[in-house]
Amino acid sequence: MTTVHTKGKTSRVVPKSPERGADAASRALELVLASLEDSKAEDIVTIDIAGKSALGDFMVVVSGRSSRHVSAICDHLITDLKDEDFGSARVEGLETGDWVLIDTGDIIVHVFRPEIREFYNIERMWAAPDIEEGTLH
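Quick caveat, the model's predicted, so the values are computed rather than measured.

Quick notes on the rules
- Residues numbered from 1 in each chain as written.
- Predicted model: local features only at pLDDT ≥ 70, side-chain atom pairs only at ≥ 80, totals over all residues.
- Heavy atoms only, no water.
- Buried < 20%, exposed > 50% of the residue type's maximum accessible area, 1.4 Å probe, protein only.
- Helix = DSSP H or I, 4+ residues; strand = E, 2+ residues; numbered from the N terminus.
- Pairing = 2+ DSSP bridges.
- pLDDT = per-residue confidence, 0-100.
- Contact = heavy atoms within 4.5 Å.
- Core = buried A, V, L, I, M, F, W, Y, C linked by side-chain atoms within 4.5 Å.

It is worth spelling out the pairing of strand β6 (residues 107-112) at this point. Counting buried positions along β6 gives 6 out of 6 residues, so the element sits mostly inside the fold. Residues Ile107, Val109 and Val111 line one face of β6 and the alternating positions Ile108, His110 and Phe112 line the opposite face, and both faces are buried. Judged from the 5 bridges that link them, strand β5 (residues 99-103) and β6 form a sheet pairing that is antiparallel. Looking at β6, one finds that Leu101 is bridged to His110. Between β5 and β6, which pair antiparallel one after the other, the connecting turn spans 3 residues, and Gly105 there sits at a positive phi close to 105°.

What follows is the structure, given as structure tokens:
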């Protein structure tokens, strides 16, 4: 499931699950989305990758207006994750602010400058429909 968020309107992406791991991922996703919106991140896209990848349960792709905005979005998110006891996320690319990857374990967040995001277009790759085995010849 892919969810596109519009400014000020974020619908609940994941229903409550009885599994503790799914609950933790859901709570972490809510925190991530709230932090991103608070930082004025743009074009927030959430992709459900549970079952598609062992990387995590969700991928979130967002844009910042400039390298400085990308860095500020990431600093704010990292602080929010620590403050809410989600531990220390692995972070790559913060030095340049072009494309920053934040891996919380359950959620992978990509924060791009718009032109870098457009070039790599990773949400298109991950949002592609599942192809059943044996259907390609």
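Having seen it, we continue.
Attention shifts here to the confidence of the model for the protein. Overall, the prediction assigns the protein a mean pLDDT of 82, with 76% of residues at 70 or greater. In the model, residues 8-20 has pLDDT below 50 throughout and makes 20 contacts with residues more than four positions away in sequence or in other chains.

So, about the nonpolar core. Within the largest apolar cluster, 23 residues are counted, with the highest numbers of intra-cluster contacts made by Val32, Leu36, Val60, Ile102, Ile107 and Val109. Elements with a contribution of two residues or more to this core: α1 (20-38), β3 (58-63), α2 (67-83), β5 and β6. Broken down by element, this core gets its largest block of residues, 7 residues, from α1. Setting aside chain neighbours within four positions, we find Val32 in contact with Val60, Leu77, Leu81, Ile107 and Val109. Listed in part, the 9 residues of the second largest apolar core include Val45, Ile108, Phe112 and Ile122.

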